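If you want the building blocks of each chain, they are given just below.
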Amino acid sequence: MNALAELNENTLTQSELKPAPATLIKRASKSNTVEAFTDIYKEDVNIAIWQRSLSDKLALAVEEILASGTQLKMAEAVTVDSVHKKLINVCGDSSAVLTLIDDIALLVDMFSCLFDLKEVGLRLTTLDSPMCPRFHFDRIPCRLVTTYHGIATQWLPHEVVDRSKLGAGNLGKPDEESGLFTSVDDIRELAEGDVALLKGEFWHANEGAGLVHRSPPQGSEANAKRRLLLTLDFIND
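To start, this report covers the structure provided alongside it. Computed from a predicted structure; not experimentally measured.

About the criteria used
- Along each chain, the written sequence defines residue order, and numbers are assigned to residues from 1.
- Given that this is a predicted model, residues contribute local features only at a pLDDT of at least 70 and side-chain atom pairs are listed and counted only at 80 or more, while totals for whole chains, interfaces and linings are drawn from all residues.
- Only hydrogens and water are removed before side-chain values are computed, so all heavy atoms of the structure are retained for them.
- What counts as a salt bridge is simple: a side-chain nitrogen of Lys or Arg found within 4 Å of a carboxyl oxygen of Asp or Glu.
- Think of it this way: any DSSP run of H or I at least four residues long counts as a helix, any run of E at least two long counts as a strand, and we number them from the N terminus.
- For every residue, the accessible area (1.4 Å probe, protein chains only) is compared with the maximum for its type, and the residue is labelled buried under 20%, exposed over 50%, or partly exposed between those bounds.
- The pairing criterion is simple: DSSP has to find at least two bridges between the two strands.

**Considering the pattern of salt bridges**
Pairing is possible between side chains of opposite charge, provided their charged atoms come close.
Stage number 1. Scanning all chains against the criterion turns up 11 salt bridges.
Stage number 2. For Asp 175, the salt bridge identified is with Arg 134, shortest N-O distance 2.9 Å. Of this pair, Asp 175 sits in the loop between strand E8 (154-156) and strand E9 (188-189) while Arg 134 sits in the loop between strand E5 (120-127) and strand E6 (137-138); the two residues are 41 residues apart in sequence, bridging distant segments of the chain.
Stage number 3. The exposure class assigned to Asp 175 is buried, which follows from its relative accessible area of 4%.
Stage number 4. Under the relative-accessibility criterion, Arg 134 is labelled partly exposed at 31%.
Stage number 5. Among the salt bridges present, the one from Arg 214 reaches Asp 175, with a minimum N-O distance of 3.2 Å. Taken together, the residues span a long stretch of sequence, with Arg 214 in strand E11 (residues 212-214) and Asp 175 in the loop between E8 and E9 at a distance of 39 residues. For the residue pair Arg 214 and Asp 175, the accessibility class agrees, reading buried in each case.

**Focus: the sheet that holds E11**
Stage number 1. Spatially, 3 strands are ordered E9-E8-E11 in an open sheet, and the strand pairing comes out antiparallel. Across the chains shown, the open sheet's two edge strands, defined by having one partner strand only, are E9 and E11.
Stage number 2. Summarising the sheet, E8 and E9 pair through 2 bridges and their orientation is antiparallel. In the strand pairing of E9, Trp 155 is matched with Arg 188.

What follows is the structure in structure tokens.
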């Protein structure tokens, strides 16, 4: 099994790990500068969000790529040195694509440096329907997520989650009816362009506190726009 297949297997949709103590405090860290990323190392932070707006040039490039009808579905292991070539091989080398690739390469560089990684798992996908429609946590150390176009990832503050209602614990009920959280007002949502680090269950001492999140739900305003999603993951040596 290759490294990216292993990453796929490590996404959980049920609470297989013991719940975090009720007294455990986890919070979001938000900033309009990239320095927000360093807060992911704080024990009480389980999501760090760089609240950025896409430049006009990048936003127009993404619009052009999607308007062309291009279907992107890339999942590869990349390094800082190889990411440009691998993306060009999959996505082409139009001016718009190169603008997007430059931004992705920058994020790969940041992610690799922050966690001292030689290689990362990169997924770049155009989506017309939710990829992970139910709230879940991931059995990984940390994941970078950004939505270049469309409504972005939804997540729940740790203190509002009844983790016994994840996966089979929902008894077949929708997330909004299962008791997983009290009110739809509990749901938080990243903005288009935001770059977030989502701490998972395999982060040291974070068992029972991996960030609970999902794709925007099907059939709502959340999916009125086609999505372009990028994720970066650790790859185990």
